Amino acid sequence: MREPADRRRQRILAAVQSRGATRVTDLAAELQVSVATLRRDVEELAREGRLRRGHGVARPLVPEAEPADTPPPPSGDGGPVAVVVPERHAYLYEALHGARTMFEEAGVRIALHIAPPVPGAEQPLVERALADGARGLLIAPRWRGRDTEEADYAWLSRLDVPVVLMERKPRRGSALHAVDTVCTDHWYGVRLAVDHLTGLGHRRIVLAARDDSPTARAVRAAFTEIAADHPGVDKWAVTLSSPTAVPDPAAAAGNQPVDLPSLMAELGATAAVLHGDVDALMLVQSLRDNGVRVPEDCSVIAYDDVVAALGSTPLTAVSPPKAAVGRAAAELLLRRLGPRDPGRADAPVQRLDLLPVLKVRGSAQAPYAGTTPGATPVTE
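Calculation criteria
- Every chain's residues receive numbers from 1 upward, in the order its sequence appears when written.
- For this predicted model, a pLDDT threshold of at least 70 governs which residues receive local features, and a threshold of 80 or more governs which side-chain atom pairs are given and counted, while totals over whole chains, interfaces and linings are taken from all residues.
- Working from all heavy atoms in the structure, the side-chain values ignore hydrogens and water.
- Numbering goes from the N terminus for both helices and strands, where a helix is a DSSP run of H or I of at least four residues and a strand is a run of E of at least two.
- One fewer than the residue count of a helix, multiplied by 1.5 Å, yields its expected span.
- Exposed residues in this analysis have more than 50% of their type's maximum accessible area, buried residues have under 20%, and partly exposed residues fall in between, with area computed by a 1.4 Å probe over protein chains only.
- Directions drawn from the helix axis to the C-beta atoms are what define this arc.
- Here, strands pair whenever DSSP counts at least two bridges between them.
- As a rule, the C-alpha atoms of each element are fitted with a line to give its axis, helices using only the stretch in contact, and angles between N-to-C directions run from 0 to 180 degrees.
- Whether two residues are in contact is decided by their heavy atoms: any pair within 4.5 Å suffices.
- Call a crossover right-handed when, viewed with both strands pointing away from you, the route from the first strand across the helix to the second goes clockwise.
- Each residue carries a pLDDT value, the predictor's own confidence for that position, ranging from 0 to 100.
- The pairing test for Phe, Tyr and Trp rings, Trp by its six-membered ring, is centres within 6.5 Å, and the orientation test on the planes gives stacked under 30 degrees, edge-to-face over 60, and tilted for anything in between.
- Whenever Lys or Arg places a side-chain nitrogen within 4 Å of a carboxyl oxygen from Asp or Glu, that contact is recorded as a salt bridge.

Some words on helix α1 (residues 5–19)
Helix length check: α1, at 15 residues, gives a terminal C-alpha distance of 21 Å against a target of 21 Å (1.5 Å per residue), a fit within 8%. Along α1, the residues that are buried comprise R8, I12, L13, A15 and V16. Mapping the buried residues of α1 onto a view down its axis gives an arc of 165°, with all of them on the same face. Facing away from the buried side of α1 by more than 90 degrees, the exposed set consists of D6, R7, Q17 and S18.

This is the structure:
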């Protein structure tokens with residue numbers, strides 16, 4: 001027979017008052033109820049002012065006194081951390097590998113969940129992971145468009161376990177502004193690419209980039225800002241790297257293929273920045289099929305550096321610190337999993353930006369002839 005909720009909550013109170021801060025997962029196992037049920041009990045007791053609720057723990061109203069030399073519990077003590085990443089995303093899988101090494105060193109088990117490419121896929125995965133006892137969340141939502149991104153802000157902000165976003169930077173002032181995040185500084189990456197090309201003498205540059213992820217949108221916005229203000233850029237253009245690289249690929253199914261050679265000829269461009277790597281390699285093939293040689297006729301820099309070095313012409317590429325992003329994200333989450341150590345669990349929220357580097361491989365060289373001045377942007 002199921003125990004009445006009132007009696008169960010009295011037992012929760014007794015346990016918390018006698019032991020101090022207690023993990024929700026431990027209480028759920030002890031009382032033989034689901035973690036979701038235990039969380040609801042703790043939330044109700046907190047609303048009634050009978051205990052305090054923290055990240056994955058229940059605390060007594062009066063902070064418990066502990067000996068100064070009492071060590072925090074080992075970070076591996078407790079349930080797993082949930083890690084949610086998009087399906088078939090090589091870039092984020094490299095970041096995931098970096099995170100995994102940190103969790104393994106700390107003795108923390110990962111519960112990996114792969115989100116399919118449909119809007120809202122992450123929420124049920126996270127809810128299932130929390131119901132199974134996950135005590136923290138490391139997540140890289142797909143966020144194909146800004147509408148899906150905004151829709152995720154509300155439910156992610158309500159989670160009562162520590163959350164760290166990896167390679168995702170929520171809008172300023174949003175419900176997720178005060179959540180730990182670790183990202184690549186994509187503005188700096190684009191600046192590296194533009195500075196390299198202008199340093200070689202290129203003054204007309206095209207960006208061919210995706211528009212279906214936060215990284216893609218950050219790259220496009222950064223290029224538009226940098227090219228418009230850069231003293232070494234006379235003309236610039238932005239186009240899609242693929243007709244289906246948009247938030248709703250089905251709606252773009254009838255679009256014409258990207259004609260990069262024609263756009264570059266129209267602009268008189270001698271260089272291109274291409275995001276991401278697979279699209280970049282395909283666009284280089286398209287240039288070659290149209291008689292445009294890389295780097296002899298057109299210099300190219302790829303953005304992502306997952307497979308850029310593997311092309312028949314190895315591509316110079318902006319290389320985000322993918323594994324380091326994963327390690328830093330895991331470190332932030334691990335510090336939140338020490339509820340008996342206020343210096344860790346209650347540390348200030350961090351929004352970290354890690355700088356990418358430029359890997360020079362020879363797909364960019366000085367142009368044969370100068371370009372005609374005139375600062376006229378062409379945007380799609």
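As for the sheet that holds strand β7 (residues 163–166)
On the basis of which strands lie adjacent, the open sheet formed by six strands has the order β5-β4-β6-β7-β8-β14 and parallel pairing. Two strands close off the open sheet at either side, each with one partner strand: β5 (110–115) and β14 (351–354). Taken over all neighbouring pairs, the strand axes of this sheet differ in orientation by 15° on average, direction set aside. Sheet topology note: the strand β4 (residues 81–86)/strand β6 (residues 137–139) ladder contains three bridges and is parallel. Looking at β6, one finds that V83 is bridged to L138. Lying over the sheet, helix α4 (residues 90–105) contacts β4, β5, β6, β7 and β8 (180–184), oriented at roughly 165° with respect to β4. Contacts from helix α11 (residues 322–336) reach β4, β6, β7, β8 and β14 within the one sheet, and its direction differs from that of β8 by about 170°.

Examining the pairing of β4
β4 sits mainly inside the fold: six of its six residues count as buried. Read from β4 through α4 to β5, the crossover connection turns out right-handed.

So, the confidence of the model for the chain
Across the chain, the average pLDDT comes to 86, with 87% of residues at or above 70. Low confidence marks residues 64–76, where pLDDT is under 50. Its contacts with residues over four positions away, or in another chain, come to 17 contacts.

Some remarks on the packing of aromatic side chains
Taken as a whole and assessed by the stated rule, the structure comprises two aromatic pairs. Pairing W143 with Y153 gives two aromatic rings, centres 5.8 Å apart and planes at 85°, and the pair type is edge-to-face. Taken together, the residues span a long stretch of sequence, with W143 in the loop between β6 and α6 (146–157) and Y153 in helix α6 at a distance of 10 residues. Just as W143 is buried, Y153 falls in that class too.

Quick look at unusual backbone geometry
Between H275 and the following residue, G276, the backbone shows a cis peptide bond with an omega angle of -10°. Residue position: G276 is located in the loop between β11 (271–275) and α10 (277–289). V294 connects to P295 through a cis peptide bond whose omega is 10°. Relative to the helices and strands, P295 resides in the loop between α10 and β12 (299–303). Phi at D304 is positive, roughly 140°, even though this residue is not glycine.

Some details on the pattern of salt bridges
With the rule as written, the count across this model stands at 21 salt bridges. Here R210 makes a salt bridge to D279, at a shortest N to O gap of 2.5 Å. On the criterion of sequence distance, the pair formed by R210 in the loop between β9 (204–209) and α8 (214–229) and D279 in helix α10 is long-range, its members being 69 residues apart. Linked through salt bridges whose partners overlap, the residues forming this network are R144, R210, D212 and D279.

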